Amino acid sequence: MASARRIRSAVLVTVLLAGAVGAAAVVTGDEVTALDSPEPAAAPTRTIGGTVLQVVAHPDDDLFFMNPDLSRSLTTGSGLTTAYLTSGESDGVNAARGPHLKDPRPAPDRARYAEARQNGIRSAYAQMATGDRASSWRRAAVPTAGGGSAEVDTLVARPEVSLVWLQLREARTVSADRPDSLRGLWNGRIGGLESQLASGTPVTSPFVYTKDQLIRTISGVLERFKPTTIRIQDPTPGRFARSGKVTDHQDHVYGARFAQAAISRYAQFKDRPHFSVQNYLGYLNSSLPHVLDPATVNAKVRFLKTYAWLDRDPFCGSPAGCGDRKVAARPTGYNWAQSLRYTRGESTSWLAQGPGGGLYAFAVLDGRMALWHRTGPQGRWTGPDLFHALPGGDLDPGAWAVRLPDGRIGVFGTRTTLGERAEDYRRDVVYAVQRTAGGPFGYWQSLGTPEASDAAGTSAISGPAPVVLDGSGRLAVYVRDARRTLRAREQGPDGRWGPWQRLGGADLQNEPQTAEDSAGRRYVFGTTARTVLAWLQLVPGGPLTGPYRTGLPATTVPLTAVPEGKGVRILFRKPDSGAVRGVRVEATGTGPRISPVGELGAGSGYGAVGVAGTFLTGRAAAGTVAVAPRAVPPAWTESELLFAGAPAGTVEASGASTMAVLGLDAQLHWTTYPKGMGPGTGPAAHPGSRAGAGTGAGTAPGRGSGTGADLRRPQPWRLAVSEPEDAKEPRRMPGATSGGRPPQ
């Protein structure tokens, strides 16, 4: 921690002393004026506090795979920092070599190409944050907690925006075995990884990081900026079925694993806020349907073109160039710019009802399960209370809650174990259940993993989908394995869990979704790149059959399933649009009966859709949470609240529809629509609305559902707890003794 404090002090001092420079200028103290007319900055989006820190392997990973979340966050006025692990120096040739754009080939120069990529990133961030790609930056070299040096850049017009360049050597290949790489360092093939300094950087001395030193360096950056939301790439992307190759760049995978290790270390620090983690899909986006609507894609590509220095205007004054000309030949990448996908935390079933009108909300904070609790319809929310840490590893983002017939609540998640050796890396399914309805939770238990080893499939299991078996109180859990098939474990009559079952399917992309209809028949759904597969009980209590081909059109992957009479309603988004669609599925004696696809509105957005009775909630195109009645067409009410993960919803005993999200401030936000506000009486537009009907994000803590709401107006999003507790040991959570019992 002493090292972490030193980097914080060094950054504060050196950044404040550094001179202002242009977006891509390299000489400290010079200020460069833009030669082109600055475009207007994006309209501000309001969020409630919070800071975001992104850790990526290369310059441009954030622009391709984390945008539009990145640009939306930059409009909030809250702090945002991106840390780049490698210089992305590749072969050192900064030239477009596409079918329609070919530059003269310059002599390879890795230091200059690394500088050009830095210049492009500074320009793109300046454009996103201020509208002016040449807005000035302050640049400084600072010591790191790992014993090396990093460059820290601060946007002068928006000093809460920072870039941290760790400047390590990249693998220089997507998948080939190169010991001198993040992969080689993680796996112990090399004892240290050398720096690759960009020309023009204020860092003047090369350095070498061991595995532990790099972890300490990243955790030191986290300690300096104290984020409430951490964004990283996918550490477990899986392998292609035919070739066996990992589906993402090796630097993305192992950079994310280094980030995981650093986050785990940072979670042990005391002087920090709560934080959540969000993971992003990488190269596999090119094999899946497009997610984003055309307007969002155009905005995203505009920033990529700035990064790529498409116009070749020497506005930055750098002899290395003002951007990455390799990207100029293909600004959308390989179908990457048209999508944004999360690889953890897409569950919409983390809000559950307890006895007496109580509500339980779960999310992963600081690598541990967090619980907010409301005792009754008019009670106050309390929390977050943190479950005891799991032995051996931290929880991944995402929580899945299930209510047992006796009123007890169970919560499921996945844990990542980093291990002492690289081959010890693994993920497993874990759960905890209340001892009594409304009472404390019992010990964490592990259900293991269907994977034989990390090497076999990079531990690419999905989050678990739990369900109560036939009203018996016994539990079953469904996961997608690394081969992209469906697997399950079930409790027997004696409470013991059986082995992992193979239920078939192929090309499953999402977390399985489960639901039970009014007749007691169980349904399980999984999305592929082309359609939706279904498993179901043809009769109550019968065996689960399938997979059945539903014939449904392609989706953007996230899927939500909710009971609807003698069937189940599934909701998903339309590719290249983001509009919500839905169908009703009903089990018959021979298989599923599926209704025609219903269009639930033209409003665009991305990510999973939550359901609360007659209301839908999801992420709008602006990245904010939106609510709509389940009508045709729905009147989407867009708030000004950015959030992490996916929304959740439930219908309370009073008939009120309650929805919740985890904000970028790592706090619970919720809203309630009283009974009687449904299709036809839904929210109307009012002053301050956006996209036709919006409401500001509230900051006051709220009690229960209430009865005096104006049905003609949108209901505000409220902060569940106005002054959440600082990170500390929990009160009587799972494993009521310190640390709990090791998983069985």
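The present account deals with the structure reproduced in this document. (Residues numbered from 1 in each chain as written. Predicted model: local features only at pLDDT ≥ 70, side-chain atom pairs only at ≥ 80, totals over all residues. Heavy atoms only, no water.)

### With respect to the overall build of the chain
Quick reminder of the rule: Comment: elements are numbered from the N terminus, with helices defined as DSSP H or I runs of at least four residues and strands as E runs of at least two. Whether two residues are in contact is decided by their heavy atoms: any pair within 4.5 Å suffices. To measure how exposed things are, a 1.4 Å probe is used in the Shrake-Rupley method; for residues, cover is taken only from the protein chains shown.
For the chain, the count of helices and strands is 10 helices and 41 strands. For the chain, restricting intrachain contacts to residue pairs at least 6 apart in sequence, the fraction spanning at least 24 positions comes to 62%. For the chain, the exposed area adds up to about 25,700 Å²; of that, 51% sits on carbon and sulfur atoms.

### What about the pattern of salt bridges?
The following threshold applies: Counted as salt bridges are all cases of a side-chain nitrogen of Lys or Arg within 4 Å of a carboxyl oxygen of Asp or Glu. Think of it in three bands: with a 1.4 Å probe and only protein chains considered, a residue is buried below 20% of the maximum accessible area for its type, exposed above 50%, and partly exposed in between.
Applying the stated criterion across every chain, the model contains 34 salt bridges. The shortest N-O distance in the salt bridge between Arg374 and Glu652 comes to 2.4 Å. Remark: Glu652 occurs in the loop between strand S36 (637–651) and strand S37 (657–663) and Arg374 occurs in strand S13 (residues 368–374); sequence separation between them is 278 residues. Each of the two residues, Arg374 as well as Glu652, counts as buried. One salt-bridge network, in which partners are shared between bridges, spans Glu564, Arg569, Arg584, Glu586, Arg593 and Arg630.

### Some thoughts on the packing of helix H6 (residues 211–225) against helix H7 (residues 250–266)
Note the threshold: Only the contacting stretch of a helix is used when fitting its axis, a line to C-alpha atoms as for every element, and angles between N-to-C directions run 0 to 180 degrees. To sort the angles, those under 35 degrees are grouped as roughly parallel, those over 145 as roughly antiparallel, those from 65 to 115 as roughly perpendicular, and the leftovers as oblique. By convention the crossing between two helices is left-handed if the near helix lies anticlockwise of the far one by an angle smaller than a right angle, and right-handed if it lies clockwise. Any residue outside Ala, Val, Leu, Ile, Met, Phe, Trp, Tyr, Cys, Pro, Asp, Glu, Lys and Arg is labelled polar, Gly included; the first ten of those are nonpolar and the last four are charged.
Interaxial distance between H6 and H7 falls to 8 Å at its minimum, and their mutual angle equals 60°. Our classification of the angle between H6 and H7 gives oblique. When you trace H6 past H7, the crossing you get is right-handed. Touching Lys211, Leu214, Ile215, Arg216, Ile218, Ser219, Leu222 and Glu223 of H6 are Phe258, Ala259, Ala261, Ala262, Ile263, Arg265 and Tyr266, all from H7. Its residues assigned to classes, the contact of H6 with H7 shows 10 nonpolar, one polar and four charged.

### Let's talk about the environment of Tyr266
Position of Tyr266 among the secondary structure elements: in helix H7. With 47 residues separating them along the chain, Tyr266 and Ser219 place their C-alpha atoms 5.4 Å apart. Those residues in contact with Tyr266 that lie beyond four places of it in its chain are Ser219, Leu222, Glu223, Lys226, Pro227, Arg272, Pro273 and Phe275.

### Examining unusual backbone geometry
Cis geometry marks the peptide bond from Asn67 to Pro68, where omega comes out at 20°. Checked against the element boundaries, Pro68 lands in the loop between helix H2 (61–65) and helix H3 (69–74). Put simply, Gly383 and Pro384 share a cis peptide bond, and its omega is 0°. You can see Pro384 is positioned in strand S14 (residues 381–386). Even without being a glycine, Ser459 presents a positive backbone phi close to 60°. Tracing the backbone through its elements, the reader meets Ser459 in the loop between helix H10 (454–457) and strand S20 (465–468). Given the relative accessible area of 4%, Ser459 is considered buried. Phi at Ala666 takes a positive value of approximately 65°, unusual for a residue other than glycine. Inspection of the secondary structure assignment puts Ala666 in the loop between S37 and strand S38 (668–673). Residue Ala666 is classed as buried on the basis of its relative accessible area of 3%.

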